[in-house]
Amino acid sequence: IVVSYEQSLKERDQLLEEVTKETPAEKLYRLAEEAEILNKFELAERNFKSAVDLTKDDPKSWFKYTKFLLRRGLYAKAEEALNEAILLDGMNREYILLLASLLMRRDKKKEPNIILRTLHDDHDARNHLDPLLNAMISFQYSLQFKEAKLARKYLAVCQRIRVRESLAAEHDGRGRIKSTETSGFGLGMRTGQHAPKESGAMNSGEKSESQVENPISDLNDKIWMELVEYFDTNGLWELAERALTLVLKQDTNEVKLVQAHVERSKGRLSESITLYDKLISGQPKNQSLLLEKAEVCFLAG
């Protein structure tokens with residue numbers, strides 16, 4: 001039976017190579033991903049390393065390896081691999097944002113700030129109009145530097161970008177953008193949004209304020225959740241947890257899902273399962289949630 005199974009795998013690989021013209025590196029990536037799915041992490045890493053060895057001059061190869069290492073929680077090795085990618089493609093926004101995030105995770109202040117500000121000031125690439133970049137800078141000024149004024153400055157940029165995007169989507173039949181006076185654009189920081197206070201906390205307003213529908217507060221929550229989900233997607237759960245403190249509405253499914261991931265990363269599996277139960281009770285047919293909970297239950301034994 002074992003011999004038959006191994007033979008069938010060889011025949012499958014040969015067929016895939018013939019049909020898809022799979023390169024040796026692509027085959028190694030596929031095998032690495034399959035091994036990772038089966039929790040064969042050592043085999044997966046060997047395949048990723050072998051693929052990188054075949055394509056050392058390709059920054060995308062180093063970045064794929066970086067993402068795998070992040071999923072495994074191997075942050076030091078991930079940072080090393082990411083630096084290799086940046087050496088080959090030093091202007092790649094995605095690589096640079098992730099490097100700054102990894103440095104912030106290590107509680108570095110000066111280095112990620114220089115990286116983010118340098119990227120932001122590259123007006124030729126229009127990075128100053130990147131909402132994720134502006135949110136990350138605001139996040140750092142708020143929670144690391146405790147510089148409320150600068151945190152508000154970059155948050156306001158995010159607000160303007162998002163509102164302009166919304167207005168562009170709501171243009172009238174004559175192709176003109178609606179007036180900002182009737183849309184709420186230009187409200188700045190004046191209408192009770194949870195911007196950082198002088199103490200550095202962004203959502204420490206009155207309880208009644210968080211219970212009142214406020215379009216600016218909703219906009220800010222959207223901005224912060226985009227940053228939270230970026231950290232969460234990249235396995236940077238310490239940063240995701242910190243960024244969640246900036247979100248005003250803490251009872252949403254999106255927040256609970258990230259909290260479940262954070263609890264799992266801390267090894268608090270029962271707390272993670274409790275959060276999954278709450279999510280699944282409202283979405284009993286959500287396969288993604290069921291699979292995630294099953295994985296945590298497997299880890300919990």
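Criteria and thresholds
- Throughout, residues of each chain are indexed from 1 in the direction in which the sequence is written.
- Two thresholds apply to this predicted model, a pLDDT of at least 70 for residue-level local features and 80 or more for giving and counting side-chain atom pairs, whereas whole-chain, interface and lining totals are computed over all residues.
- The side-chain quantities take in all heavy atoms of the structure and omit both hydrogens and water.
- Each residue's exposure class comes from its accessible area (1.4 Å probe, protein chains only) as a fraction of the maximum for that residue type: buried when under 20%, exposed when over 50%, partly exposed otherwise.
- Runs of E in the DSSP output that reach at least two residues are strands. Runs of H or I that reach at least four are helices, and both are numbered from the N terminus.
- Of all possible arcs, the one meant is that of the directions from the helix axis to the C-beta atoms.
- Two residues form a contact once any of their heavy atoms are found within 4.5 Å.
- Aromatic contacts are taken between Phe, Tyr and Trp rings whose centres are within 6.5 Å, Trp giving its six-membered ring; a plane angle under 30 degrees counts as stacked, one over 60 as edge-to-face, and the others as tilted.
- For a ring to carry a charge above it, either NZ of a lysine or CZ of an arginine must fall within 6 Å of the ring centroid while also lying within 35 degrees of the normal to the ring plane.
- Per residue, pLDDT measures the predictor's confidence, with a range of 0 to 100.
- Fitted lines through C-alpha atoms serve as axes, helices being fitted only where they are in contact, and the angles separating the N-to-C directions of these axes extend from 0 to 180 degrees.
- Roughly parallel refers to an angle under 35 degrees, roughly antiparallel to one over 145, roughly perpendicular to one between 65 and 115, and oblique to any angle outside these ranges.
- Note on convention: the crossing is left-handed when the near helix lies turned anticlockwise from the far helix by less than a right angle, right-handed when the turn is clockwise.
- Amino acid classes used here: Ala, Val, Leu, Ile, Met, Phe, Trp, Tyr, Cys and Pro are nonpolar; Asp, Glu, Lys and Arg are charged; the rest, including Gly, are polar.
- Here the nonpolar core consists of buried residues drawn from Ala, Val, Leu, Ile, Met, Phe, Trp, Tyr and Cys, with membership extended through side-chain atoms lying within 4.5 Å.
- In what follows, salt bridge is the name for a side-chain nitrogen of Lys or Arg lying within 4 Å of a carboxyl oxygen of Asp or Glu.
- Given the number of residues in a helix, its expected span is that number minus one, multiplied by 1.5 Å.

Draft legend 1. Examining helix α13 (residues 237-244) more closely. Inspection of α13 places L239, A240, A243 and L244 among the buried residues, and these make up the whole buried set. Down the axis of α13, the sector holding all buried residues measures 140 degrees, keeping them to one side. In this structure, the buried side of α13 is in contact with α6 (93-105), α8 (131-143), α12 (215-233) and α14 (253-265).

Draft legend 2. The packing of aromatic side chains, seen in detail. Scanning the model with the defined rule gives eight aromatic pairs in all. With a centroid separation of 6.0 Å and 55 degrees between ring planes, the pair formed by Y29 and F48 is classed as tilted. You can see Y29 sitting in helix α2 (residues 24-37) and its partner F48 sitting in helix α3 (residues 41-54), a full 19 residues away along the chain. Of the two residues, Y29 and F48, both sit in the buried class. Feature note: the residues Y29, F48, Y65 and F68 constitute an aromatic cluster, connected by ring pairs. The ring centre of Y29 lies 4.3 Å from the NZ or CZ of K64, which sits over that ring.

Draft legend 3. A look at the confidence of the model for the protein. Overall, the prediction assigns the protein a mean pLDDT of 86, with 81% of residues at 70 or greater. Predicted confidence is poor over residues 207-211, with pLDDT under 50, and the contacts of this stretch with residues over four places away or in other chains come to two contacts.

Draft legend 4. Expanded view of the side chain of E79. Here E79 shows up in helix α5 (residues 75-88). In contact with E79, other than residues within four places in its own chain, are L99, L102, L103 and R106.

Draft legend 5. Highlighting the packing of α13 against α14. It is the contact of α13 with α14, at a shortest axis distance of 9 Å, that shows an interaxial angle of 140 degrees. When the axes of α13 and α14 are compared, the pair comes out oblique. Helix-helix and strand crossings are classified by hand; for α13 and α14 the assignment is left-handed. The segment α13 lies against α14, with W237, A240, E241 and L244 engaging V255, V258, Q259, H261, V262 and S265. Class assignment of the residues belonging to the contact of α13 with α14 gives a composition of six nonpolar, three polar and one charged.

Draft legend 6. View of the nonpolar core. Formed by 63 residues in total, the largest nonpolar core has its most connected members in F139 and F231. If one sorts the elements of this core by residue count, α6 sits on top with nine residues.

Draft legend 7. Structural view of the pattern of salt bridges. Within the structure shown, the criterion is met by 17 salt bridges. We note a salt bridge from E271 to R268, for which the minimum N-O separation is 3.9 Å. Judged by relative accessible area, R268 falls into the partly exposed class, the value being 39%. One connected set of salt bridges, linked through shared partners, spans E22, R30 and E34.

Draft legend 8. Up close: the side chain of E36. Examined against the element boundaries, E36 turns out to sit in helix α2. Ignoring anything within four residues of it in the chain, the contact list for E36 reads F41, A44, F48, F68 and R71.

Draft legend 9. Inspection of α14 at higher detail. Across its 13 residues, α14 extends 18 Å between first and last C-alpha, which sits within 8% of the 18 Å expected from 1.5 Å per residue. Residues of α14 that are buried sit in contact with α12, α13, α15 (269-282) and α16 (287-300). Two residues or fewer after α14 comes G267, characterised by a positive phi angle close to 85 degrees.

Draft legend 10. Structural view of unusual backbone geometry. One non-glycine residue, N39, lies in the positive phi region at around 65 degrees. With respect to the helices and strands, the residue N39 is situated in the loop between α2 and α3. Note on N39: relative accessible area 42%, which makes it partly exposed. Even without glycine at this site, K146 takes up a positive phi of about 55 degrees. Of note, K146 is situated in the loop between α8 and α9 (148-169).

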